[in-house]
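Residues per chain, in single letters:
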Amino acid sequence: MKSQVVQTENMNSLQTAFARLGDRSQDIPRMGLVFGFAGAGKTTATARTAVSAGALYLRCSPVWTPSGVLDDLAKELRVNTYRRNQATLRAVVDVLDQSRRAVFLDDCDQLFVCNEPLKLFESIRYIHDQANVPLLFVGQETFESKIRRWEQPQRRISEIIEFKPLSLDDAAAIAQARCEVEVTEDLLAQLHKECDGSCGRIVVGLSAIEKLGRQQEIKRVDLDLWKQSGLRFFLQMQRLRS
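These figures come from a predicted structure and were not determined experimentally.

Procedures and definitions
- Residues numbered from 1 in each chain as written.
- Predicted model: local features only at pLDDT ≥ 70, side-chain atom pairs only at ≥ 80, totals over all residues.
- Heavy atoms only, no water.
- Helix = DSSP H or I, 4+ residues; strand = E, 2+ residues; numbered from the N terminus.
- Buried < 20%, exposed > 50% of the residue type's maximum accessible area, 1.4 Å probe, protein only.
- Contact = heavy atoms within 4.5 Å.
- Arc of directions from axis to C-beta.
- Disulfide = S-S within 2.5 Å.
- Phe/Tyr/Trp six-rings, centres within 6.5 Å; stacked < 30°, edge-to-face > 60°.
- Lys NZ or Arg CZ within 6 Å of the ring centre and 35° of its normal.

Inspection of the secondary structure puts Ala 45 in helix α2 (residues 42-53). Residue Ala 45 is classed as buried on the basis of its relative accessible area, which comes to 2%. As for Ala 45 and Gln 4, which are separated by 41 residues in sequence, their C-alpha atoms are 12 Å apart. Sequence-distant contacts of Ala 45, defined by excluding residues within four places in its chain, comprise Met 11, Leu 14 and Phe 163.

Let us look at helix α9 (residues 185-195). Listed in full, the buried residues belonging to α9 are Leu 187, Leu 188, Leu 191, His 192 and Cys 195. Buried residues of α9 fall within an arc of 135 degrees about the axis and therefore sit on the same side. Among the exposed residues of α9, those pointing more than 90 degrees away from its buried face are Glu 185 and Lys 193. Its buried side turned inward, α9 meets α8 (168-178), β6 (182-183), α10 (199-216), β7 (220-221) and α11 (223-229). At the C-terminal side of α9, Asp 196 shows a positive phi close to 55 degrees.

Applying the stated criterion across every chain, the model contains zero disulfides. We note that Cys 179 lacks a disulfide partner, and the nearest cysteine sulfur, in Cys 195, lies 12 Å from it. Residue Cys 179 is classed as buried on the basis of its relative accessible area of 6%. We note that Cys 199 lacks a disulfide partner, and the nearest cysteine sulfur, in Cys 195, lies 9.2 Å from it.

Quick look at the packing of aromatic side chains now. This structure, assessed with the given rule, holds eight aromatic pairs. When the ring of Phe 112 is compared with that of Phe 143, the centres are 5.8 Å apart and the planes differ by 70 degrees; the resulting orientation is edge-to-face. With Phe 112 in the loop between β3 (103-106) and α5 (117-131) and Phe 143 in helix α6 (residues 143-147), this residue pair connects regions lying 31 residues apart in the sequence. For Phe 112, a relative accessible area of 17% corresponds to the buried category. Where Phe 121 meets Phe 137, the ring centres are 5.5 Å apart and the plane angle is 50 degrees; that geometry is what we call tilted. Residue Phe 121 is located in helix α5, and its partner Phe 137 is located in strand β4 (residues 135-139); the two are separated by 16 residues in the primary sequence. Judged by relative accessible area, Phe 121 falls into the buried class, the value being 1%. For Phe 137, a relative accessible area of 1% translates into the label buried. The structure contains a cluster of three or more aromatic residues connected by ring pairs, namely Phe 112, Phe 121, Phe 137 and Phe 143. For the cation-ring pair, Arg 201 lies above Phe 234, with the distance from its terminal atom to the ring centre recorded as 4.6 Å.

Without other data, these values stay purely geometric and don't point to any function.
Here it is as structure tokens:
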């Protein structure tokens, strides 16, 4: 399998929303929320967008505290930390403000298992308000409803991007870009159906198809051949979403 990243509909939506955040006037919040089911491709899309934009990309930790967030941001920004959190905060805000670097926080569901999650969100919100750079929270499909519990954080969110199930067109684009054997339309349609819209499972299934093609020393795999092989796309067949 090739390692090429494909521009899916979800990635287009993310990059469009991210561009709008960057174009906001100074008096409008620049916080965004990205959410969707596991396997929708959020991490790949947000990491790629962050790299292309020169933004910070951090994975949230279940043991984060306000000082822990500051320390991790300072490390990524190569800013010295200080004994007093206020001094570290000022240094982080100054560098973000001067560099205009956006911040992506992935695995944000972890924030809800931290001690005093609202206090942690308020600390992150304060950094956003002071630096006024785009900041995107990335979480699972229940993350949006969780963050709506708190008025202050949700009032700062001006862009909401839901990662939806992968379309058949997206699946075809991934197959063409990444799979090193040709996958016929009927086989791709079957794979797409069984993947239930999961980007991650599409890739796993394509890898299995490619392996079969190599074993058979052929460059094209269709649905009949796949059925004859007795193989499955995945080790365990189950629907990812209800």
